[in-house]
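Inside the fold
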Amino acid sequence: MHPPQQDRTAAPCSTNATRQGQAYESLRSLLLSGSFPPGTRLTEAELTQRFGVSRSTVRGVLVQLAQEGFVVSEVNRGVRTRWFSVEEAADILEARETLESALAGRAAERATAEEVRGLSRTLEAMADCQARGDQAGYSQGNRSFHQQVKHAAHQQTLARVYDTLLHPLVMRQYRDLSTPHPRSGSLEEHQAIFLAIATRNPDSAAAAMRHHVGSARKALMLHLDRNGVTPPAADDASPAGVPTRGAVVDVAHP
């Protein structure tokens, strides 16, 4: 009786899938961090060198990111990072209000005691960063707070839909760099959300989150009304190897 033959294709296939997954996560993180300006051309050659993978792997990553809306693929122009019109930006931010307010309401009902304590610790860190003028630290805490609320909701369907929104890209594209960060009232709004969750008041938590996210959307739209929007010209697009200045400051959340 002959011993069973080993599947010699399993390991290479698994390795290729792992490499593509790692390259996907790395490029997605770079896009969300604001490392590439809107309209940046992403070439297979540059990305192959950056991530140390094959062109076919990079091609698969770009196809997946295009399907998810992070990049666009155009005939004779290749793949570029996403640029959002005002109408697209407004739609995405309005959807975010609805989803995050629902998640906050569920968090008020379902958050564990440890999750509530975690939110409290994050708020304390945000307050400390604001007092010290640490914008990057405040932004990091801000992002953590919203993620903690999402996890505390224990609502996987809402969380999955929320994760498909591209609001971090919208906020970075249209952020008003002339105004201070964090936005005035941001910390107090987070405190109101926390208080409603901690006291198990789902209606107040949803309303507080809707007010918080809605205030950021309205401030952004007001800025656009005053200053207008100019799409990036094709010839002005930065190469993929050149990061945006100031991209270390996370403004994905208001």
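Residues numbered from 1 in each chain as written. Predicted model: local features only at pLDDT ≥ 70, side-chain atom pairs only at ≥ 80, totals over all residues. Heavy atoms only, no water.

Turning to the overall build of the chain, a few remarks are in order. A tally of regular secondary structure across the chain gives 10 helices and 3 strands. Ordering the α and β elements of the chain from the N terminus gives α-β-α-α-β-β-α-α-α-α-α-α-α. Burial status across the chain gives 41% buried among its 254 residues. Long-range contacts, defined here as pairs at least 24 residues apart, represent 81% of the contacts in the chain between residues at least 6 apart. Per element, the accessible surface of the chain, about 13,700 Å² overall, is 52% carbon and sulfur. (Helix = DSSP H or I, 4+ residues; strand = E, 2+ residues; numbered from the N terminus. Buried < 20%, exposed > 50% of the residue type's maximum accessible area, 1.4 Å probe, protein only. Contact = heavy atoms within 4.5 Å. Areas by Shrake-Rupley, 256 points an atom, 1.4 Å probe, with all protein chains shown as cover.)

Glancing now at the pairing of strand E3 (residues 78-81). Side-chain positions along a regular strand alternate between the two faces of the sheet. Bridging between strand E1 (residues 41-42) and E3 involves 2 bridges; their strand directions are antiparallel. If you follow Arg41 over to E3, its bridge partner there is Arg80. When strand E2 (residues 71-74) meets E3, the two strands line up antiparallel, connected through 4 bridges. Among the inter-strand pairings, Val71 is bridged to a residue of E3, identified as Thr81. A loop of 3 residues connects E2 with E3, the two strands running antiparallel in sequence, and Asn76 in this loop sits at a positive phi of about 70°. (Pairing = 2+ DSSP bridges.)

Take the sheet that holds E2 next. Across the sheet, 3 strands lie side by side as E1-E3-E2; this open sheet has antiparallel pairing. A single partner strand is all that each edge strand has here, and the edge strands are E1 and E2.

This part takes up the environment of Ser33. Considering the arrangement of structural elements, one finds Ser33 in the loop between helix H1 (10-32) and E1. Overall, the relative accessible area of 24% leaves Ser33 in the partly exposed class.

The biggest cluster of nonpolar side chains holds 28 residues, and the ones touching the most others in it are Leu27 and Leu65. Elements supplying a minimum of two residues to this core: H1, helix H3 (55-67), helix H4 (86-110), helix H8 (167-174) and helix H10 (202-227). The residues touching Leu27, leaving out its near neighbours within four places in the chain, are Phe36, Leu47, Phe51, Val61, Leu62 and Leu65. (Core = buried A, V, L, I, M, F, W, Y, C linked by side-chain atoms within 4.5 Å.)

Where H4 meets helix H6 (residues 135-153), the axes come as close as 7 Å, and the angle between the chain directions of the two elements is 60°. Overall, the two elements H4 and H6 adopt an arrangement that is oblique. Between H4 and H6 lies a crossing whose hand is left-handed. Seen from H4, the contacting residues are Arg96, Glu100, Leu103, Ala104, Arg106, Ala107 and Arg110; seen from H6, they are His146, Val149, Lys150, Ala152 and Ala153. Within the contact of H4 with H6, the residues separate by chemical class into 6 nonpolar, 1 polar and 5 charged. (Axes fitted to C-alpha atoms, helices over the stretch in contact; angles between N-to-C directions. Parallel < 35°, antiparallel > 145°, perpendicular 65-115°, else oblique. Left-handed = near helix turned anticlockwise from the far one by under 90°. Nonpolar A, V, L, I, M, F, W, Y, C, P; charged D, E, K, R; others polar.)

For the pair helix H2 (residues 44-51) and H3, interaxial distance at closest approach is 9 Å and the crossing angle is 105°. Looking at the two axes, H2 sits roughly perpendicular to H3. In this structure, H2 contributes Glu44, Ala45, Leu47 and Thr48 to the contact, and H3 contributes Arg55, Val58, Arg59 and Leu62. Residue composition of the contact of H2 with H3, grouped by class: 4 nonpolar, 1 polar and 3 charged.

Our focus in this paragraph is the pattern of salt bridges. What the rule picks out here adds up to 10 salt bridges. Among the salt bridges present, the one from Arg117 reaches Glu114, with a minimum N-O distance of 3.0 Å. With a gap of 3 residues between them, Arg117 and Glu114 both fall in helix H5 (residues 113-132), about one helical turn apart. For the salt bridge of Asp163 with Lys150, the shortest nitrogen-to-oxygen distance reads 2.8 Å. A residue pair is termed long-range when its members are at least 10 positions apart, and Asp163 in helix H7 (residues 156-164) and Lys150 in helix H6 qualify at 13 residues. The class for Lys150 is buried, based on a relative accessible area of 7%. (Salt bridge = Lys/Arg side-chain N within 4 Å of Asp/Glu carboxyl O.)

Glancing now at unusual backbone geometry. In this model, His154 sits at a positive phi of 50°, which is unusual for a non-glycine residue. With respect to the helices and strands, His154 occurs in the loop between H6 and H7. One non-glycine residue, Arg200, adopts positive backbone phi at about 60°. Within the secondary structure, Arg200 sits in the loop between helix H9 (186-198) and H10.

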